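Here is what each chain is made of, one letter per residue.
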Amino acid sequence: AMAAARGGPQPSLADDVVAGFRALREGAELSDVDVIAAGGERIPAHRVVLAVRAPALRADLARAAEDRARGGRAEVLLEGVPVQVAEAFLDHVYTDVCRADDLGDDDALHL
């Protein structure tokens, strides 16, 4: 509202959400789940973002919540998914940008 009062354009809710998700993805701030790729590589993430943007993971997230209730860190296992593919998947979940071009052919098939 302040920007509009000064005559500047006011960002839309969608712009704010995308910018906020991007900021969350770029850091581990407030992360509450680890996405585990092949080789055990842990990638911090946010359950609410995954639940909204990747509904196929909801069952895994519910199980992860049970793990967390028992005192452990919530985890979502992406079995057999190389870390670079898991990172590209999360980039897409958080920003709606798919960077499959950055992956090799074999890795792009995982997406």
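Residues numbered from 1 in each chain as written. Predicted model: local features only at pLDDT ≥ 70, side-chain atom pairs only at ≥ 80, totals over all residues. Heavy atoms only, no water.

**Thoughts on the pairing of strand 3 (residues 74-77)**
Only one face of strand 3 is buried: it carries A74 and V76, and the other face, with E75 and L77, is open. The pairing of strand 1 (residues 33-36) with strand 3 spans four bridges and is parallel. The residue bridging I36 from the neighbouring strand is L77, located in strand 3. (Buried < 20%, exposed > 50% of the residue type's maximum accessible area, 1.4 Å probe, protein only. Helix = DSSP H or I, 4+ residues; strand = E, 2+ residues; numbered from the N terminus. Pairing = 2+ DSSP bridges.)

**Quick look at the sheet that holds strand 3**
Strand order in the open sheet formed by three strands is 2-1-3, and the pairing between neighbours is mixed. Single-partner strands in this sheet number two, and they are strand 2 (42-45) and strand 3. Taken pair by pair, the neighbouring strands of this sheet meet at an average axis angle of 30°, ignoring direction. In the sheet, strand 1 pairs with strand 2 via four bridges, with the strands oriented antiparallel. Residue V33 lies in a different strand from strand 2, and its bridge partner there is A45. In this fold helix 4 (residues 58-69) packs onto strand 1 and strand 3, with an angle of close to 145° to the strand it touches most, strand 3. In this fold helix 5 (residues 83-95) packs onto strand 1 and strand 2, with an angle of close to 10° to the strand it touches most, strand 2. (Axes fitted to C-alpha atoms, helices over the stretch in contact; angles between N-to-C directions. Contact = heavy atoms within 4.5 Å.)

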